[in-house]
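The residues making up each chain are set out below.
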Amino acid sequence: MSQPTQPHYGASYPAPPAPPAQPRNGLGTAALVLGIIGTVVALIPLLFWLGAILGVIALILGAVGMGRAKRGDATNRGVAIAGTVLGVVALIVGVVMGVLTVIAVDKTVDEINKELSSTAPKGTTGGDKGKGAAGDAGTADGGTDGAAVPEVLAGGETIIYDDDLQITVSAAKAFTPSDVAAGHTAGNKAYKVTVVVENGGKAKFDTDTVLLEGRAGKDGVTAEQVFDEGLDGVTGTLAPGKKATGTYAFSVPADAKTLTVEVTPGFDHEATQWELKF
């Protein structure tokens, strides 16, 4: 009789196959996400720099992701390519927005500086041959021509600003305030002046910004402006090539021999003084 076959203990069996490696798609996906975010952020003027940085990172990650896909380590080659392209787009948009932002800032700064800077006088005409109260001489035709503009002008002289705005203050004339006048102190004398504003520039000028102040005598006491019938200051908008004339009066101490009238044409023009003798 045959003997039953006994099982052989300790026999080896083949090992199960190793599970397939998971595709390494993380970098391609990250490149796509960063490319999208970078492109959007780069369109924001103050965050263009962050968008450009995200674009560079997306570009690098996308390139590495495409390399993995080429070697077979990743399966999202299309996603990696899209992330790379969006990274380039984000970088370009960031650079363009940066340039535009710099240009806009420079333009804004120039406009602010222009608004804050004062338009300086460039010459004078008329009066006593261009001589101010301080004796500064002008040209033979009664004005300055490249010479230093006098600190103080005389009655009848015209100041010319860089924007060709011209202001003329006449000599002072005695004025008798009415019973309804405001601003005149009893015992004082009143004098009136005529102010002519001529717009020689190319833009409209708002004469409502013209401000007059007065000081009287050697001590420079404040000369209060008189408001009365027949005293109409310059008002309204002045077109290029047009003039506006206004009459003003000031109340000065009876013993004062001079009236200094300071005219400030506007916020962007320097003030100019006329010293008027009685």
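Refer to the preceding data block for the structure.
In this text, all values refer to a predicted model and were calculated from it rather than measured experimentally.

### Regarding the overall build of the chain
Here comes step 1: For the chain, the helix and strand inventory stands at 3 helices and 13 strands.
Here comes step 2: In the chain, which comprises 278 residues, the proportion classed as buried is 34%.

### Some remarks on the side chain of N76
Here comes step 1: Following the sequence through the fold, N76 ends up in the loop between α2 (48-71) and α3 (77-116).
Here comes step 2: Polar side-chain contacts of N76 include one of 3.5 Å to the side chain of T29.
Here comes step 3: Setting aside anything within four residues of it in sequence, one finds N76 in contact with N25, G28 and T29.

### Overview of the environment of L276
Here comes step 1: The residue L276 is located in strand β13 (residues 272-277) in this model.
Here comes step 2: On the basis of relative accessible area, L276 is assigned to the buried category, the value being 2%.
Here comes step 3: Spatially, the C-alpha atom of L276 lies 9.3 Å from that of V193, the residues being 83 residues apart in sequence.
Here comes step 4: Filtering out sequence-adjacent residues up to four positions away, L276 remains in contact with A154, G155, V169, S170, A171, A172, V193, K257, T258, L259 and V261.

### Looking at a nonpolar patch on the surface
Here comes step 1: Together, I44, L46, L47, W49, L50, I53 and I57 make up a nonpolar patch on the protein surface, roughly 620 Å² of accessible area in all.
Here comes step 2: Residue placement: I53 occurs in helix α2.
Here comes step 3: Looking at I53, the relative accessible area reads 44%, which means it is partly exposed.

### Concerning the side chain of R68
Here comes step 1: Along the polypeptide, R68 turns up in helix α2.
Here comes step 2: Among buried Asp, Glu, Lys and Arg side chains, R68 stands out as unpaired, with D73 the closest opposite charge at 6.0 Å.
Here comes step 3: With near-sequence residues (within four places) excluded, R68 lies in contact with R24, L27, D73 and A74.

### Here we look at the environment of V64
Here comes step 1: As for its position among the elements, V64 is in helix α2.
Here comes step 2: Expressed as a C-alpha distance, the spacing of V64 and T84, which sit 20 residues apart in the sequence, is 9.5 Å.

### What to know about the pairing of strand β4 (residues 165-169)
Within a regular strand, the side chains alternate between the two sheet faces.
Here comes step 1: With respect to burial, β4 is a largely interior element, 4 of its 5 residues being buried.
Here comes step 2: Bridge analysis of strand β3 (residues 157-161) against β4 gives 3 bridges, and the strand direction is antiparallel. Residue pairing in the sheet places I159 in a bridge with I167 of β4.
Here comes step 3: Between β3 and β4, which pair antiparallel and follow one another directly, the connecting turn spans 3 residues, one of which, D164, has a positive phi of 70°.
Here comes step 4: With 5 bridges connecting them, β4 and strand β6 (residues 189-199) associate as antiparallel partners. Its bridge partner being in β6, Q166 is matched across the sheet by E198.

### Remarks on α2
Here comes step 1: Here α2 spans 35 Å end to end across 24 residues, near enough to the 34 Å set by a 1.5 Å rise per residue.
Here comes step 2: Among the residues of α2, those classed as buried are G51, A52, L54, G55, A58, L61, G62, G65, R68 and A69.

### As for the pattern of salt bridges
Here comes step 1: Here the structure, examined in full by the defined rule, presents 4 salt bridges.
Here comes step 2: With its nearest N and O atoms 4.0 Å apart, the salt bridge here joins K243 to E198. One end of the pair, K243, is in strand β11 (residues 243-252); the other, E198, is in strand β6, with 45 residues separating them in the sequence.
Here comes step 3: In this structure, the salt-bridge partner of R215 is E262, at a minimum N-O distance of 3.7 Å. Here R215, found in strand β8 (residues 211-216), pairs with E262, found in strand β12 (residues 258-264); they are 47 residues apart in sequence, far enough to count as distant.
Here comes step 4: Given a relative accessible area of 17%, E262 falls into the buried group.

### Some details on the packing of helix α1 (residues 26-42) against α2
Helix packing for two helices is described by the angle between their axes and how far apart those axes are.
Here comes step 1: Relative orientation of the contacting elements α1 and α2 amounts to 160°, with a least axis distance of 7 Å. On the basis of the axis angle, α1 is roughly antiparallel to α2. Between α1 and α2 lies a crossing whose hand is left-handed. When α1 is examined against α2, the residues L27, G28, A30, A31, L34, G35, I37, G38, V41 and A42 are found in contact with a partner set consisting of F48, L50, G51, L54, I57, A58, L61, G62, V64, G65 and R68.
Here comes step 2: Within the contact of α1 with α2, the residues separate by chemical class into 14 nonpolar, 6 polar and 1 charged.

Procedures and definitions
Residues numbered from 1 in each chain as written. Predicted model: local features only at pLDDT ≥ 70, side-chain atom pairs only at ≥ 80, totals over all residues. Heavy atoms only, no water. Helix = DSSP H or I, 4+ residues; strand = E, 2+ residues; numbered from the N terminus. Buried < 20%, exposed > 50% of the residue type's maximum accessible area, 1.4 Å probe, protein only. Polar contact = N/O pair within 3.5 Å; in protein donor to acceptor, adjacent residues only side chain to side chain. Contact = heavy atoms within 4.5 Å. Patch = residues over 30% accessible without salt bridge, like charges linked within 9 Å, V, L, I, M, F, W, Y side chains within 5 Å. Areas by Shrake-Rupley, 256 points an atom, 1.4 Å probe, with all protein chains shown as cover. Salt bridge = Lys/Arg side-chain N within 4 Å of Asp/Glu carboxyl O. Lys, Arg positive; Asp, Glu negative; His and termini not counted. Pairing = 2+ DSSP bridges. Expected span 1.5 Å × (residues − 1). Axes fitted to C-alpha atoms, helices over the stretch in contact; angles between N-to-C directions. Parallel < 35°, antiparallel > 145°, perpendicular 65-115°, else oblique. Left-handed = near helix turned anticlockwise from the far one by under 90°. Nonpolar A, V, L, I, M, F, W, Y, C, P; charged D, E, K, R; others polar.

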